[in-house]
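# Working through the structure, step by step
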Amino acid sequence: MGNDRYNVVIVGAGPAGSTAALLLAQNNLSVALIERGKKPGSKNMFGGSIYRKPTAKIIPGFWKEAPLERTIITDELWLMDRTSAVKAGFTGLKFNEEPYNKFSAIRSKFDPWFANQAVKAGAKLMTETLAVDLVYEKIGLLKKKVDGVKLDNGEVIYADVVLLAEGASANLTQKAGLRGSIEASSLTLYVKEELALPAKKIESRFNLEPGEGSNIGMIGYPTASVVGKGGLWTNQDSISIIVGGYLNQINSKGVSPYQLLTRFKEHPLIKRLISDAKPIAYKSHIIPKGGYESIPTLYDDGILVAGDAAMMVSGRRGTDIAMLSGLYAAETIAQARAAQDYTAKVLKGYKKRIMDSFFMKSIKKSKNSKQYYKEHPDADFLLTKAANDAAYRFFTVGIEASETKMKKIKDEIFGMQPTKKTLTDLYYGIQDWGIF
Ligand SMILES: Cc1cc2nc3c(=O)[nH]c(=O)nc-3n(C[C@H](O)[C@H](O)[C@H](O)COP(=O)(O)OP(=O)(O)OC[C@H]3O[C@@H](n4cnc5c(N)ncnc54)[C@H](O)[C@@H]3O)c2cc1C
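Computed from a prediction, not measured in an experiment: that's the story for all the values here.

About the criteria used
Once a new chain begins, its residue numbering starts again from 1 and follows that chain's sequence as written. Under the rules for a predicted model, residues below a pLDDT of 70 receive no local features and side-chain atom pairs below 80 are neither given nor counted, while totals for whole chains, interfaces and linings still include all residues. With hydrogens and water stripped out, all remaining heavy atoms of the structure feed into the side-chain values. A run of DSSP states H or I qualifies as a helix once it reaches four residues; a run of E qualifies as a strand once it reaches two. Both are numbered from the N-terminal end. Remark: exposure states derive from per-residue accessible area (1.4 Å probe, protein chains only) relative to the maximum for the residue type, with buried under 20%, exposed over 50%, and partly exposed in between. Any pair of residues with heavy atoms lying within 4.5 Å of one another is described as a contacting pair. By the counting scheme adopted, Arg and Lys are positive, Glu and Asp are negative, and His together with the chain ends is not counted. Taken as the charge location is NZ of Lys, CZ of Arg, CG of Asp or CD of Glu. In short, DSSP must find at least two bridges between two strands for them to pair. Each polar contact in these results corresponds to two N or O atoms within 3.5 Å; when the atoms are within protein, one needs to be able to donate a hydrogen and the other to accept it, and residues that are neighboring in sequence are counted only if both atoms are side-chain atoms. Domain start and stop points were drawn from an automatic or database domain assignment. The term buried area means the drop in 1.4 Å probe accessible area that two parts suffer when joined, counted for both and summed. Salt bridge, as applied in this entry: a Lys or Arg side-chain nitrogen positioned within 4 Å of an Asp or Glu carboxyl oxygen. Gly is put with the polar residues, along with every residue not named as nonpolar or charged; the nonpolar set is Ala, Val, Leu, Ile, Met, Phe, Trp, Tyr, Cys and Pro, and the charged set is Asp, Glu, Lys and Arg. Any Phe, Tyr or Trp ring, taking Trp's six-membered ring, that has another such ring centre within 6.5 Å forms a pair; planes under 30 degrees apart are called stacked, those over 60 apart edge-to-face, and the others tilted. We call a charge positioned over a ring when the NZ of a Lys or the CZ of an Arg lies within 6 Å of the ring centre and within 35 degrees of the ring normal.

### With respect to the overall build of the protein chain
Across its full length, the protein chain holds 14 helices and 17 strands. Its C-alpha atoms put the protein chain at 85 × 45 × 35 Å along the principal axes. A buried classification covers 53% of the 436 residues belonging to the protein chain. Within the protein chain, counting contacts between residues at least 6 apart in sequence, those at least 24 apart form 72% of the total. Counting 60 positive and 45 negative side-chain charges, the protein chain places the centres of these two groups 2 Å from one another.

Given below as structure tokens:
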């Protein structure tokens with residue numbers, strides 16, 4: 001490989017890194033895209049949905065050739081108790097027509113395809129290559145600028161600018177002094193299992209036609225009182241399930257991620273959806289949920305940070321935000337190249353683009369809900385229990401006047417905790433569940 005020089009070195013071939021690599025290579029910059037995995041995606045996992053509109057900003061019409069699983073037409077939220085679930089949802093058959101809304105996908109298939117688009121545009125992809133440090137050049141008496149990355153084999157790849165798109169671990173972002181260490185209360189830990197099931201069975205179980213998909217988000221019982229979520233996605237001939245929550249709570253409650261997964265799979269309503277399905281893959285992964293206060297310094301002389309490494313996650317959305325941050329990074333780097341100035345003076349334009357984005361407004365807003373859940377970690381469980389108790393009473397056929405029944409339901413719900421708390425729990429829940 002040798003100690004080569006490129007216009008840009010990108011660390012991480014996830015959605016953020018591959019986006020920037022593709023756009024910069026299309027703009028005739030020389031790009032090295034470094035990935036520690038055997039292939040892009042081999043270290044990555046998500047639920048997961050790929051969102052059509054933002055992704056099409058990077059690759060118009062991507063769904064015609066990308067390895068996607070199913071077109072999601074049904075979205076549901078289940079508030080789960082031990083033997084029941086209150087369900088809210090929507091099925092839109094229009095979502096199964098172009099231009100579509102979102103797709104289920106598996107990262108070990110999607111990421112290599114995406115990185116390959118960058119390679120086809122001229123980027124050099126280096127897999128099984130770990131970047132371990134940054135190298136600097138002096139640009140004044142006291143100032144230095146990032147001038148490349150050092151690899152684990154001791155080689156250095158030099159570049160005018162380095163883009164860190166290294167995901168949640170963000171080791172180099174910390175080494176660069178752009179962010180401090182992250183508390184466990186700012187991270188969520190999820191486990192995922194992929195279970196093989198023939199397409200026909202999936203379609204009959206979830207009321208789908210071939211190619212159509214379904215996504216269920218779940219609150220309450222599955223997370224064993226840890227603030228978190230469960231989720232289920234239908235793929236072409238497999239089902240993806242995830243469950244997890246805040247890392248500090250998983251630690252303090254002494255539940256292992258594997259125990260959460262077992263509890264989730266043994267729930268009687270989940271059990272019947274996944275019966276006969278054969279586990280084919282198991283992974284766990286962190287989601288950076290630090291929110292607005294944890295966003296690192298986004299740029300410095302010769303360096304930018306994008307995607308999860310920059311804590312850019314909002315609700316269920318992460319891949320698309322990573323891609324858009326990769327897009328903004330590529331735009332900024334192209335400007336720096338035009339000005340032949342890769343210092344913070346020009347690269348600060350990246351921060352402005354990020355701060356003006358729609359997703360940063362959502363990330364800013366979610367700050368209140370994060371604080372609320374810190375103060376009221378019981379919120380989801382109380383709501384879920386109340387909703388299920390009320391539904392049992394409502395749907396039980398009795399021998400009483402409907403007015404009497406409704407009064408009992410009302411008394412039960414509002415007797416559980418102060419009405420204001422129930423309404424506030426609901427207000428923050430709707431924002432945090434990431435369903436809209
Ligand atoms: C359980 C779960 C469910 C999710 N569901 C969804 C969903 O449904 N939809 C959605 O949009 N988002 C979802 N997300 C979030 C989404 O996966 C992330 O936000 C997104 O992957 C971030 O992209 P990225 O490019 O910043 O980082 P990543 O995808 O993490 O990519 C970083 C890459 O950098 C590589 N790397 C790291 N360090 C180095 C190094 N030093 N040298 C070389 N390579 C390195 C890694 O191997 C990796 O390939 C989910 C996440 C989880 C954990």
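### Re the pairing of strand β14 (residues 238-246)
Within β14, nine of the nine residues are buried, which leaves it mostly tucked inside the rest of the structure. Where strand β13 (residues 228-234) and β14 come together, seven bridges link them in antiparallel fashion. When the bridges of β14 are listed, Leu232 appears paired with Ile241.

### A look at the side chain of Thr332
Residue placement: Thr332 occurs in helix α9 (residues 319-339). Polar side-chain contacts of Thr332 include one of 2.7 Å to the backbone oxygen of Tyr328. In contact with Thr332, not counting residues within four places along its chain, are Val346, Leu347, Gly349, Tyr350 and Arg353.

### Describing the environment of Leu23
Mapped onto the elements of the fold, Leu23 is located in helix α1 (residues 15-26). A sequence separation of 263 residues divides Leu23 from Ile286, and the C-alpha atoms of the two residues are 27 Å apart. Here Leu23 is in contact with Ile58, Leu327 and Ala330, once residues within four sequence places are set aside.

### As for the domain arrangement of the protein chain
Under the domain assignment used here, the protein chain contains domain 1 (5-68 + 106-180 + 296-365), domain 2 (187-288) and domain 3 (368-433). Measuring from the centre of the C-alpha atoms in domain 2 to the corresponding centre in domain 3 gives 25 Å. Counting residues at the interface gives eleven residues for domain 2, matched by eight residues for domain 3. Interface area, domain 2 with domain 3, both sides summed: about 720 Å², of which 69% is carbon and sulfur. Ranking the residues of domain 2 by area buried against domain 3 places Ile219, Val227 and Lys229 at the top, with a combined share of 59%. Where domain 2 touches domain 3, the interface holds one salt bridge. The shortest N-O distance in the salt bridge between Asp432 and Lys229 comes to 3.6 Å. The interface formed by domain 2 and domain 3 includes one residue pair in polar contact (both at pLDDT 80 or more). Contributions of two or more residues to the side of domain 2 that touches domain 3 are made by β12 (212-220) and β13. The class makeup of the residues in the side of domain 2 that touches domain 3 is five nonpolar, five polar and one charged.

### Some remarks on the packing of aromatic side chains
Taken as a whole and judged by the stated rule, the model has 15 aromatic pairs. Between the aromatic rings of Phe62 and Phe103, the centroid separation amounts to 5.7 Å while the plane-to-plane angle is 85 degrees, which identifies the pairing as edge-to-face. Residue Phe62 is located in the loop between α2 (52-58) and β4 (70-80), and its partner Phe103 is located in strand β6 (residues 102-104); the two are separated by 41 residues in the primary sequence. Taking the relative accessible area as the measure of exposure, Phe103 reaches 3% and is therefore buried. Each member of the aromatic cluster is reached from another via a ring pair, and the members are Phe62, Trp63, Tyr100 and Phe103. Stacked on the ring of Tyr136, the Lys or Arg Lys144 has its end atom at 4.1 Å from the ring centre.

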